[in-house]
Amino acid sequence: MTCNKNEEQLLGYLYAALPDDELEALRKHISSCRDCRDNMKRLEGVKELFKKWDSTEPSADLKKHILWEVEEELRLEKDKSSTNFSQSEIEYLRQRANSERLRIYKTLVNLFGREKGLEVYRSYLEESYKEISVYFKDKTVKEILLARACTERALGFDLEIIDIGGGVIEETFYSCPMISIAEKMGIKKDVCEIVCKIESEMMEKYSIMKVELLETLVEGSRCLFKITG
Amino acid sequence: MAIFVSKKNISAFEILLDRYKIPLFNYIKRLTGDFHKAEDICQEAFLRIIKKRFSFNSDFNFSTWAYSIATNLCKDERRKDIIRQKELLENGYVNNQLSTPESSVIEKNIGEKIRAIVSLLPEKLKTVFILAEYEGFSYEKISEILDIPVGTVKSRMHNALKQLMEYIRREELINDLQ
């Protein structure tokens, strides 16, 4: 007696492209069906067949062209942003943002000690964002947080891309400014890392955000700095 | 996992470019079936990555985002092709090359034959098949790239395999293996 499973079903099994219950049922069936096992061997050949379609190298100039386009885009962005902020404005805002956060953090740790200080600092962040959000009545706190993030990036905080191997690229955006400030001011790195963790957790909590909204926030972020600065 | 590129730091972008240029180009080429179009779209994809870098959602990893951008650009290109084709037909101009560029499987080597039969798949099935088979993405990742449920990915993959199997039988490609 020959088996009634067709090749399409078996191919679906081979690629795990079936619902889980069907996969499980087929797995049980194949383990006890010689016809299917023979057929599976044949279908492995189909997999091999697909591999015969080789990759192609793009032309050698592709990278050059992309970099040229990207540099041009960044130049245009720079021109555009310089009409919004002067260099001295940017420098002033950056210093104010850094020193303000550090001043508050240091004061709290000095007043309450490390553990309690961190707790209060966290409340401060939460409260301050709530306060800020009053100025943007039509927007939620998460949008304000992103506005702030946008502003910091626009102001050129040190952003780093770190290749940590295995195809993983991590960014250290949120931790970067705080840690670099901490180093300058002699605050222990591990303390700052905790603060940054708390902050990035907060950020994460609020940072689910749709692409379209971000562009409208660029203007909002400028106002934000006027308020906090 | 996230990626930001500082205005001052183009070399950071180069790391990404070096890593993803060839896979993205090949993905696009497999989808469009056209070398020059693939280069143009690939270029546009990287430019869009730069333009939209501030809106990158860190819930996704970079490759998911990049492939999603490339897929959408290919869709746009396909739409433009269809409009161009319609306009030509409305003007009474029949261009066989435009209508079905790869509808015939009269090719010499086996790789070319596979390319030709994959190109016959409907766009949605072809995209899933290429992402799974040639880009090596899991069905979960594909569901993120295409923003569709995993179950839909699986059923598209299965349908793609069924159709490919039919072409393989019709073209007697399975004999080439044995």
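On a predicted model such as this, the values are computed, not experimentally measured, just so you know.

**Student:** I would appreciate a short explanation of the overall build of chain B in the present structure.
**Tutor:** Assigned secondary structure in chain B consists of 9 helices and 0 strands. Contacts in chain B between residues far apart in sequence, at least 24 positions, make up 60% of those at least 6 positions apart.

**Student:** Would you mind showing me how to read the overall build of chain A here?
**Tutor:** Scanning chain A from N- to C-terminus turns up 9 helices and 2 strands. Beginning at the N terminus, the succession of helices and strands in chain A can be written as α-α-α-α-α-α-β-β-α-α-α. Burial analysis of chain A (229 residues in total) assigns 22% to the buried set. In chain A, once contacts between residues fewer than 6 apart in sequence are set aside, the share between residues at least 24 apart is 58%.

**Student:** I would appreciate a short explanation of helix α2 (residues 20-31) of chain A in the present structure.
**Tutor:** Spacing of three or four residues puts side chains on the same side of an α-helix, whose turn is 3.6 residues. With 12 residues, α2 of chain A extends 17 Å from end C-alpha to end C-alpha; this agrees with the ideal 16 Å at 1.5 Å per step. The element α2 of chain A is barely covered by neighbouring structure, given that only 0 of its 12 residues are classed as buried.

**Student:** What's the story with the packing of helix α3 (residues 62-90) of chain B against helix α7 (residues 139-146) of chain B in this structure? I'm lost.
**Tutor:** A pair of packed helices can be characterised by two numbers: the angle between their axes and the separation between those axes. All names here are of chain B. Viewed as axis vectors pointing N to C, α3 and α7 meet at an angle of 55 degrees, and their least axial separation amounts to 8 Å. Considering their axes alone, α3 and α7 lie oblique with respect to each other. The handedness of the crossing between α3 and α7 comes out as right-handed. Of the residues in α7, those in contact with T64, Y67, S68 and T71 of α3 are K141, E144, I145 and L146. For the contact of α3 with α7, the per-class residue count stands at 3 nonpolar, 3 polar and 2 charged.

**Student:** So what exactly am I meant to see when it comes to the nonpolar core here?
**Tutor:** For soluble globular proteins, nonpolar side chains are generally found buried alongside one another. Residue and element names in this part refer to chain B. Judged by nonpolar contacts, the single largest core of 56 residues is most densely connected at I28, A66 and A70. Per-element accounting of this core gives the leading share, 8 residues, to helix α1 (residues 10-32). Not counting the four nearest positions on each side in its chain, A66 is found in contact with Y20, L24, A45 and I49.

**Student:** Looking at this model, I keep getting lost on unusual backbone geometry. Mind explaining?
**Tutor:** Both trends apply: most residues other than glycine have a negative phi, and most peptide bonds are in trans. The phi dihedral of A16 of chain A is positive, around 50 degrees, even though this residue is not glycine. Topologically, A16 of chain A is positioned in the loop between α1 (7-14) and α2. In the Ramachandran plot, D147 of chain B falls in the positive-phi region, its phi being about 55 degrees despite a non-glycine side chain. Here D147 of chain B shows up in the loop between α7 and α8 (150-170). Looking at D147 of chain B, the number of C-beta atoms within 10 Å reads 9, which means it is exposed.

**Student:** I tried to follow the packing of helix α6 (residues 123-133) of chain B against α8 of chain B on my own but got confused; where do I start?
**Tutor:** Residue and element names in this part refer to chain B. Between α6 and α8, the least distance of the axes is 8 Å, while the angle of their chain directions is 95 degrees. The pairing of α6 with α8 is recorded here as roughly perpendicular in orientation. Across the interface between the two elements, K124, L125, K126, V128, F129 and A132 of α6 pack against V153, R156, M157, N159, A160 and Q163 of α8. Across the contact of α6 with α8, the residue classes break down as 7 nonpolar, 2 polar and 3 charged.

**Student:** Can you walk me through the confidence of the model for chain A in this structure?
**Tutor:** Segments scoring low in pLDDT should not have their predicted coordinates read at a detailed level. All names here are of chain A. The predicted model of chain A averages 61 in pLDDT, with 34% of residues at 70 or higher. In the predicted structure, residues 135-188 sits below a pLDDT of 50 and forms 104 contacts with residues beyond four places in sequence or in another chain. For the stretch residues 201-229, pLDDT sits under 50, and the model shows 43 contacts to residues farther than four places along the chain or on other chains.

**Student:** Explain the confidence of the model for chain B to me, please; I cannot follow it from the model alone.
**Tutor:** All names here are of chain B. On average, residues of chain B score 82 in pLDDT, and 78% of them are at 70 or above. For chain B, helix α4 (residues 96-99) is the element with the lowest average pLDDT, namely 43, and α6 is the one with the highest, namely 96. Low pLDDT, under 50, characterises residues 96-105; the predicted model gives this stretch 13 contacts beyond four residues in sequence or across chains. Two numbers describe this predicted complex: its pTM, 0.61, and its ipTM, 0.81.

**Student:** What exactly am I supposed to notice about the environment of K75 of chain B here?
**Tutor:** Structurally, the position occupied by K75 of chain B is in helix α3. Each C-alpha atom of the pair K75 of chain B and L31 of chain B lies 9.4 Å from the other, and the pair is 44 residues apart in sequence.

**Student:** Mind showing me how you'd approach α7 of chain B here?
**Tutor:** All names here are of chain B. Among the residues of α7, Y139, K141, I142 and I145 are the ones counted as buried. All buried residues of α7 lie within an arc of 155 degrees about the axis, which places them on one face of the element. Residues of α7 that are buried sit in contact with α3, α6 and α8. Remark: D147 follows α7 within two positions and exhibits a positive phi of approximately 55 degrees.

Quick notes on the rules
Residues numbered from 1 in each chain as written. Chains lettered and ligands numbered in written order. Predicted model: local features only at pLDDT ≥ 70, side-chain atom pairs only at ≥ 80, totals over all residues. Helix = DSSP H or I, 4+ residues; strand = E, 2+ residues; numbered from the N terminus. Contact = placed C-beta atoms within 7 Å. Buried ≥ 20, exposed ≤ 12 C-beta atoms within 10 Å, placed from the backbone. Expected span 1.5 Å × (residues − 1). Axes fitted to C-alpha atoms, helices over the stretch in contact; angles between N-to-C directions. Parallel < 35°, antiparallel > 145°, perpendicular 65-115°, else oblique. Left-handed = near helix turned anticlockwise from the far one by under 90°. Nonpolar A, V, L, I, M, F, W, Y, C, P; charged D, E, K, R; others polar. Core = buried A, V, L, I, M, F, W, Y, C linked by C-beta atoms within 7 Å. pLDDT = per-residue confidence, 0-100. Arc of directions from axis to C-beta.

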